[in-house]
Amino acid sequence: MDHAGFILLSWVLTFAATGAYARFVVRRGRDLAARATREEMPWT
Amino acid sequence: MTSDSVSDRPLISIDLALPTDLDTVTPASAANRPGTGTAATRRLGTLVAVMLTALAAFGLVFSAEDVVQGSTVRIMYVHVPTIWVAYMAFLVTAVCSGAYLSRRNRSLAWDRVAGASAEVGVLFVAISLVTGSLWGRLTWGTYWVWDARLTTTLFLFITYVGYLAVRRLGGTQRQRARRSAVLALLAVLEIPLVHFSVELWRSLHQEASVANPNARVELDGLMLFSLFLGVVTFTLFYVWLVLHRQRVLALEDTVADRGLDEAIRDRRNEAVG
Amino acid sequence: MRARIALAVARKDLRIEANSRVLTNQVAPFSAVVMVMFAFALDNDGILQRVAPGLVWLAVLFSMLVVVQRGFSVETADGALDSLRVAGVDPAAIFWGKAVALMAQLAALEALLVATAIILYNSSLDGAAAVVLAVVTIVAATAGLGFVGILYGGLAAGARGRETLLPLLLLPVVAPVLIGATRATEAAFGAGGATVSEGWPWVGLLAVFVVVFGAVGSLAFGPLIDE
């Protein structure tokens, strides 16, 4: 594959950035949920 | 106690820090800790993960190289879906902002979805700008071109970074909601105006460019499928992200309110005791 | 009735400026210094003359940030804006009044900067047609900047971190004005071989901007300062 560097860089950046954001959101959710009551979390 | 002339103004600003008593809470394994997930989001998340893997397989391995672009077309499979999702995300933000403003005392949920969607949108537009820049370096020999579409996309990014900053300006949740909602609707007006201006401007200064940024690419069956797969995958990914993020925002607001109530209660107790 | 209120608001803002003289003592010298700095940075008479229009409008935009921030810090410091609202004054009238006051200050600044460009960068307005184009450009651009400046100034007013946020919010929005005004001024100055007739379509763009933000600002200003 020509230009494999740039191509893989694009894919890795995309997955890494979205993955890091997903991890941040989920962890933040868990940290906050530890301080919240069940009524305050209507999705449960 | 003197009464506030403007209701809803917070008496104290709350700094949201993790509780120090978290260590004393019985440690549960990460997977068991309750959070913003539900059975439905877990199923969706699994689906997204599987589709992302499939996308990588199709995009990087199974699909053929392009006749003109060669292997650089493989960047398109992440670049195009991410910009598509970004545009959609900002549209959602605008719609939710309009909904929030359309009637008094609308639920703050509209504002939270608008905010979550904008945040995901900024992430995706940033990714799109970077991957597009890398693609441009390979095909045009240059990282950036001042054509109308690219310039407007850059403006979109800057505008919504500003939107996110405005959301952090402080004040009550309703103040935040109103400010951001107006800003989002202003963006709906401003972005087309900027695009039109830049297009007018660039059409006058048609310097010899290496390649036409608007050139259509002919995609064959499997390549087209990969592109389509990418769009669907990232759209579902967006939905999953926004679902979680707006729940997190709801929790942030709830905990902040509770902290405020507790602080008021403590102050009252001080006054009495 | 609304026009009278707007005029009263405009006169109030201009009187505050006349008393404090921030525009004449601080902002105008600042913008002139910016013009001088451009010359140091660009270090080439030919290039300077070629880009003079852009430099003028950049200096205007940077100075506008200072004027807008000042205009609103005065209002929010003692809750003056809130008092106006509580008294039931039509927010659209407040918007137009403050916008007109801002336009007056900006217009004075722009005239100064165009003159500075003529002197420092060797720009020239050759013929009546060029002068007319320059004047109309200034009027149109100023109107647009006035509306946008008050609208976004109101959005950021009274909030922590306002100063650093206003440039980030405002500068992208005024890009069409920068593009249009610069191209029109290039035509007026004859920079880069542009002719006066080429400038008028850009004035059209500026006019669109004025109409859009004049209308939108009238509607949006109320909800923004209603907090």
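Residues numbered from 1 in each chain as written. Chains lettered and ligands numbered in written order. Predicted model: local features only at pLDDT ≥ 70, side-chain atom pairs only at ≥ 80, totals over all residues. Heavy atoms only, no water.

Visitor: Explain the overall build of chain C residue by residue, including any values.
Guide: A tally of regular secondary structure across chain C gives 9 helices and 0 strands. The order of α-helices and β-strands along chain C, N terminus first, is α-α-α-α-α-α-α-α-α. By the compact-globule yardstick of 17 Å for 227 residues, chain C fits well, its C-alpha radius of gyration being 18 Å. A principal-axis box enclosing the C-alpha atoms of chain C has dimensions of 55 × 30 × 30 Å. Counting all 227 residues of chain C, 52% fall into the buried class. (Helix = DSSP H or I, 4+ residues; strand = E, 2+ residues; numbered from the N terminus. Rg over C-alpha atoms; globule rule 2.2 N^0.38 Å. Buried < 20%, exposed > 50% of the residue type's maximum accessible area, 1.4 Å probe, protein only.)

Visitor: I'd like to hear about the overall build of chain A, residue by residue, with values.
Guide: The helix and strand tally for chain A stands at 1 helix and 0 strands. In terms of principal-axis extent, the alpha carbons of chain A reach across some 55 × 15 × 10 Å. The buried share of chain A, reckoned over its 44 residues, is 39%. Per element, the accessible surface of chain A, about 2400 Å² overall, is 59% carbon and sulfur. For chain A, the centre of its 6 positive side-chain charges and the centre of its 4 negative side-chain charges are spaced 6 Å apart. (Areas by Shrake-Rupley, 256 points an atom, 1.4 Å probe, with all protein chains shown as cover. Lys, Arg positive; Asp, Glu negative; His and termini not counted. Charge placed at Lys NZ, Arg CZ, Asp CG, Glu CD.)

Visitor: Explain the packing of aromatic side chains to me, using residue names and the numbers behind them.
Guide: Evaluated as defined, the whole model comprises 15 aromatic pairs over all chains. Aromatic side chains F209 of chain C and F213 of chain C sit 4.7 Å apart centroid to centroid with 40 degrees between the ring planes, which places their arrangement in the tilted category. With F209 of chain C and F213 of chain C both in helix α9 (residues 200–225), this residue pair falls 4 residues apart, about one helical turn. Taking the relative accessible area as the measure of exposure, F213 of chain C reaches 1% and is therefore buried. Members of the aromatic cluster, joined through ring pairs, are F124, F234, F237 and W240 of chain B. Its end group placed over the ring of W201 of chain B, R202 of chain B keeps NZ or CZ at 4.6 Å from the ring centre. Here the basic side chain of K98 of chain C rests over the ring of F72 of chain C, its NZ or CZ set 5.0 Å away from the ring centre. (Phe/Tyr/Trp six-rings, centres within 6.5 Å; stacked < 30°, edge-to-face > 60°. Lys NZ or Arg CZ within 6 Å of the ring centre and 35° of its normal.)

Visitor: Give a detailed account of the nonpolar core, specifying residues and quantitative values.
Guide: Core analysis: the biggest nonpolar cluster contains 132 residues, and L145, Y152 and F213 of chain C have the highest contact counts within it. Among all residues touching F213 of chain C, those that are not within four sequence positions of it are L193 of chain B together with F95, F147, V148, L151, Y152 and V173 of chain C. Membership of the second largest hydrophobic core comes to 16 residues, among which are V198 of chain B together with A184, A188 and V203 of chain C. (Core = buried A, V, L, I, M, F, W, Y, C linked by side-chain atoms within 4.5 Å. Contact = heavy atoms within 4.5 Å.)

Visitor: Give a detailed account of a negative patch on the surface, specifying residues and quantitative values.
Guide: Taken together, the side chains of D257, D261, E262, D266 and E270 of chain B present a region of like negative charge at the surface. By relative accessible area, which is 47% here, D261 of chain B ends up partly exposed. (Patch = residues over 30% accessible without salt bridge, like charges linked within 9 Å, V, L, I, M, F, W, Y side chains within 5 Å. Salt bridge = Lys/Arg side-chain N within 4 Å of Asp/Glu carboxyl O.)

Visitor: Tell me about the interface of chain B and chain A, and name the residues and values.
Guide: In this assembly, 49 residues from chain B lie in contact with 32 residues from chain A. Carbon and sulfur atoms supply 74% of the area buried between chain B and chain A, which totals about 3700 Å² over both sides. Three residues, R33, L60 and L251 of chain B, lead the burial of chain B against chain A; their summed loss comes to 14% of the area buried on that side. Our enumeration of links across chain B and chain A arrives at 1 salt bridge. R28 of chain A is paired through a salt bridge with E252 of chain B; the nearest N and O atoms lie 2.9 Å apart. (Buried area = accessible area lost by both parts, 1.4 Å probe.)

Visitor: So what about the pattern of salt bridges? Which residues, and what values?
Guide: Pairing between side chains becomes possible if they bear opposite charge and their charged atoms approach one another. Under the definition given, this model contains 11 salt bridges over all chains. Here D90 of chain C makes a salt bridge to R2 of chain C, at a shortest N to O gap of 2.6 Å. In this pair, D90 of chain C sits in the loop between α4 (80–86) and α5 (91–120) while R2 of chain C sits in helix α1 (residues 2–20), placing the two residues 88 residues apart along the sequence. When salt bridges with common partners are traced through the structure, they connect D111, R112, R167, R176 and D253 of chain B into a single cluster.

Visitor: Explain unusual backbone geometry to me, and be specific about the residues and the numbers.
Guide: Residues and elements named next belong to chain C. Of note, the phi angle at D43 is positive, near 55 degrees, even though the residue is not glycine. Mapped onto the elements of the fold, D43 is located in the loop between α2 (22–42) and α3 (45–77). The phi dihedral of N122 falls on the positive side, at around 65 degrees, and the residue is not glycine. For N122, the location among the structural elements is in the loop between α5 and α6 (128–156). N122 gets classed as exposed once you look at its relative accessible area, which sits at 55%.

Visitor: Lay out the packing of α6 of chain C against α9 of chain C with the relevant residues and their values.
Guide: Residue and element names in this part refer to chain C. Orientation of α6 relative to α9, taken along the N-to-C sense of each, is 25 degrees, at an axis distance of 8 Å. Taken together, the axis directions place α6 and α9 in an arrangement best described as roughly parallel. The handedness of the crossing between α6 and α9 is left-handed. In the contact of α6 with α9, the residues fall into 22 nonpolar, 5 polar and no charged. (Axes fitted to C-alpha atoms, helices over the stretch in contact; angles between N-to-C directions. Parallel < 35°, antiparallel > 145°, perpendicular 65-115°, else oblique. Left-handed = near helix turned anticlockwise from the far one by under 90°. Nonpolar A, V, L, I, M, F, W, Y, C, P; charged D, E, K, R; others polar.)

Visitor: Please set out the interface of chain C and chain B residue by residue, giving values where relevant.
Guide: Taken together, the contact between chain C and chain B spans 27 residues of the former and 28 residues of the latter. Of the roughly 2500 Å² buried between chain C and chain B on both sides combined, carbon and sulfur atoms contribute 76%. For the interface between chain C and chain B, the tally reads 0 salt bridges. Scanning the region where chain C abuts chain B turns up 1 residue pair in polar contact (both at pLDDT 80 or more). Every element with two or more residues in the side of chain C that touches chain B is listed here: α6, α7 (162–173), α8 (175–189) and α9 of chain C. At 10 residues, α9 of chain C tops the list of elements feeding residues into the side of chain C that touches chain B. Partitioned by chemical class, the residues of the side of chain C that touches chain B number 22 nonpolar, no polar and 5 charged. (Polar contact = N/O pair within 3.5 Å; in protein donor to acceptor, adjacent residues only side chain to side chain.)

So yeah, pure geometry; function would need other evidence.
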